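Summary of structural features
Listed here are the chains, written in short residue letters.
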Amino acid sequence: MSQPEKELTEKESLDLIAMMINKAKDSYHDTGIGAMMWGTIITICALVRLSEIHFGYRLPFDIYWLTILAIVPQVYISIKEKKERKVKSYDDIYMDYLWLGFGISIFLMIFIINAIFRVWEPVSAEYAQLSGQAAAFKFREFIAPLFLLLYGMPTFVTGAACKFKPMLWGGLLCWACCLVTIFTTIKIDLLLTAFSAVFAWLIPGIIMERDYRRAKKELADTHV
Amino acid sequence: MFKDLDPILHSQLRLAVMSLLISVKEAEFTFLREKTNSTAGNLSVQIQKLKDAGYIDVIKQFKDNYPQTICRITKPGIRAFEGYVANLQSYLGKG
């Protein structure tokens, strides 16, 4: 468009508008690093907890503390990505709030679950002492569905809003696993949690990263 | 009766810039240059015209010690763009 301005026909004007709007839409490429990181961390946490239960050992620390540690690189990644971005879309703001809300909900959920445990465990112990058998209701069997319920929400909304099908299906998978884990044992629950994290975040993250690299390379090639 | 097309928008590069900015919240000058395949000088002139018409806001700042220009469409700019598209459609529909 460096040549002198030419008179546009009405049709050419509309075509130009459509082309530029499409170009703008094609310019948002998430690096996928955050999704890959969280997919990996949740998978590791779920599988390590599963091995602790299956093999009857206990790590000296709670493996889920990894999720707290991961907040530091996540903040760094977010700031770096925002700095590098040459364009800010309206979706970015909504997505930021959606995932921030998800993070807050997860921590509230952990807080609520711990509060329930503090009340339920003495009751359960007392029941076992009086009746001589363990309580039929095991609260820990219902923790995974609650988390999978939350995992599905932002994943599904992000997939739908960004028209990114791997995440949309990943969100639906989280909800399907949520339903299944209501009826399964804790070992299967943890296996399905790892499975959901791989398909909802890790694989979509890898696809996003590949698309991001491709878009970056295409841009570099056009400016040689 | 056809309305005249807005002369500020009825120009290839200015229309391209407005079409990009209508789709995003804000964009850097370098992004606009990449997407429109224009030269920095030509783009600067056209951006200034859009700014003078009140259709866009131009924010000049520094990022990592380098000058950075950010462009953002204004409410009058959105109204003008919508009016321009409506006029185009009426031309094509009735023409």
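Scroll up a little and you will see the structure.
Reference entry: report on the structure contained in this document. (Residues numbered from 1 in each chain as written. Chains lettered and ligands numbered in written order. Predicted model: local features only at pLDDT ≥ 70, side-chain atom pairs only at ≥ 80, totals over all residues.)

**Some thoughts on the overall build of chain B**
- The helix and strand tally for chain B stands at 4 helices and 3 strands.
- Element order for chain B, N to C, with α for helix and β for strand: α-β-α-α-β-β-α.
- If you line up chain B on its principal axes, its C-alpha atoms span 55 × 25 × 20 Å.
- Looking at the 95 residues of chain B, the share that counts as buried comes to 35%.
- If you take every contact in chain B between residues at least 6 apart in sequence, the share linking residues at least 24 apart comes to 56%. (Helix = DSSP H or I, 4+ residues; strand = E, 2+ residues; numbered from the N terminus. Buried ≥ 20, exposed ≤ 12 C-beta atoms within 10 Å, placed from the backbone. Contact = placed C-beta atoms within 7 Å.)

**Some remarks on the interface of chain B and chain A**
- Taken together, the contacts link 27 residues of chain B with 22 residues of chain A.
- For the side of chain B that touches chain A, the secondary-structure elements that each account for two or more residues are α1 (12-23), β1 (26-28), α2 (29-36) and α4 (75-94) of chain B.
- Its residues assigned to classes, the side of chain B that touches chain A comprises 11 nonpolar, 11 polar and 5 charged. (Nonpolar A, V, L, I, M, F, W, Y, C, P; charged D, E, K, R; others polar.)

**Considerations on the pairing of strand β2 (residues 56-63) of chain B**
All names here are of chain B.
- As paired elements, β2 and strand β3 (residues 66-73) share 8 bridges and run antiparallel to each other. Residue pairing across strands places F62 opposite P67, the latter belonging to β3.
- Once β2 ends, the chain turns through 2 residues before running back antiparallel as β3, passing D64 with a positive phi of about 50°. (Pairing = 2+ DSSP bridges.)

**Things to note about the environment of N87(B)**
Residues and elements named next belong to chain B.
- Structurally, the position occupied by N87 is in helix α4.
- Overall, N87 belongs to the partly exposed group, with 19 C-beta atoms counted inside 10 Å.
- Put simply, N87 and Q46 are 41 residues apart on the chain and 22 Å apart in space, counted from C-alpha to C-alpha.

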